[in-house]
Amino acid sequence: PGQRRTIADVIKSKNDPIYTEEFVENYTALPSRLPEKAQKALDMLDINKDNLYDAAYKVAQSFSEEKDFSYAKRPPRFLKGEDIVEKLFDTKIGHCVYYSTAMIMMTRALKIPSRLAAGYFTIPGKDGKQIISQSNPYCWVECYFPNLGWVMFDPSPRQKIFVVGGGEEATIPEKEPAPELVK
């Protein structure tokens, strides 16, 4: 008590009963290979593999508008056999599914347990209440860190970075209001 610990310190402590070898294997599984363009993008990031939280943050941040990525509700169509992650890196245009899929592939390649979470974002109503509509689905990434649990990241470039875990929301709108995630 009274001693300050960083997120990296908390994560390094290996006494999390959920964080077993089987758990990590299940949530870091990848197809036979990481798409080439995703691997190149990952290689270009200055990632400290001793701090997995910062690594996940850098992956999410890599899809920002400053890196010429943009959000589109109707991104370019796929041709048969195209890979969603390769398509995102080719066009730099996608929606939440594209960005979340790419982030999951990249964080799993770093051995960070990751999964896709889905829900809806809300629209402010005139009475101050939030409106949830089936026409506003949204997804984001959750990464698991020992002793922290599942932490939410939103890699979509429509907001500055993303939503952080622990139930706190930290979205910063840019051109349009960022979606509010409903748990």
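Our subject is the structure that appears above.
These numbers come from a predicted model, not from an experiment. Within every chain, residues take consecutive numbers counted from 1 along the sequence as written. Residue-level local features of this predicted model are given only where pLDDT is at least 70; pairs of side-chain atoms are given and counted only at 80 or more, and the full residue set underlies all totals for whole chains, interfaces and linings. The side-chain numbers reported here are obtained from all heavy atoms of the structure, hydrogens and water having been left aside.

Trainee: Go over the nonpolar core, please, and point to the residues and values.
Mentor: A general feature of soluble globular proteins is that nonpolar side chains tend to end up buried together. The biggest cluster of nonpolar side chains holds 36 residues, and the ones touching the most others in it are Val 59, Phe 63, Phe 89, Met 103, Met 106, Phe 145 and Phe 153. At seven residues, the largest contribution of residues to this core is made by helix H6 (residues 96–109). Here, the term nonpolar core denotes a set of buried Ala, Val, Leu, Ile, Met, Phe, Trp, Tyr and Cys residues that are joined through side-chain atoms within 4.5 Å. A 1.4 Å probe rolled over the protein chains alone gives each residue an accessible area, and that area as a share of the maximum for its type sets the label: buried under 20%, exposed over 50%, partly exposed in between. Within the second largest apolar cluster, seven residues are counted, among which are Ala 117, Cys 139, Trp 140 and Met 152. In this text, helices come from DSSP runs of H or I with a minimum length of four residues, and strands from runs of E with a minimum of two, each type numbered from the N-terminal end.

Trainee: Could you give an account of the pattern of salt bridges, naming the residues involved and the relevant values?
Mentor: Take a side-chain nitrogen of Lys or Arg and a carboxyl oxygen of Asp or Glu: if they are within 4 Å of each other, that pair is a salt bridge. Evaluated as defined, the whole model comprises five salt bridges. For the salt bridge of Lys 40 with Glu 36, the shortest nitrogen-to-oxygen distance reads 3.4 Å. Note that Lys 40 and Glu 36 are positioned in helix H3 (residues 36–44) at a spacing of four residues, about one turn of the helix.

Trainee: Describe the side chain of Asp 16, and please don't skip the residues or the numbers.
Mentor: Assignment of secondary structure puts Asp 16 in the loop between helix H1 (7–12) and helix H2 (21–27). Taking the relative accessible area as the measure of exposure, Asp 16 reaches 9% and is therefore buried. Polar contact criterion, stated in full: a pair of N or O atoms within 3.5 Å, where within protein one must be able to donate a hydrogen and the other to accept it, and residues adjacent in sequence count only if both atoms are side-chain atoms. Within polar-contact distance, the side chain of Asp 16 engages the backbone nitrogen of Asn 147 at 2.8 Å. When neighbours within four sequence positions are excluded, Asp 16 is seen to be in contact with Tyr 144, Phe 145, Pro 146 and Asn 147. Any two residues whose heavy atoms approach within 4.5 Å at even a single point are treated as in contact.

Trainee: Break down the packing of helix H4 (residues 52–61) against H6 for me, citing the residues and quoting the values.
Mentor: Interaxial angle, 0 to 180 degrees, is taken between N-to-C directions of lines fitted to C-alpha atoms, where a helix line uses only the stretch in contact. It is at 10 Å that the axes of H4 and H6 come closest, and there the two elements cross at 150°. Between H4 and H6, the angle is such that the two are roughly antiparallel. Between H4 and H6 lies a crossing of right-handed hand. For the pair formed by H4 and H6, the contact residues are Ala 56, Val 59 and Ala 60 on the first element and Met 103, Met 106 and Thr 107 on the second. Basically, the charged four are Asp, Glu, Lys and Arg, the nonpolar ten are Ala, Val, Leu, Ile, Met, Phe, Trp, Tyr, Cys and Pro, and anything else, Gly included, counts as polar. Residues that form the contact of H4 with H6 fall into these classes: five nonpolar, one polar and no charged. Should an angle fall under 35 degrees it is called roughly parallel, over 145 degrees roughly antiparallel, and 65 to 115 degrees roughly perpendicular, with every other angle called oblique. With the far helix as reference, a near helix turned anticlockwise by less than a right angle produces a left-handed crossing, and one turned clockwise produces a right-handed crossing.

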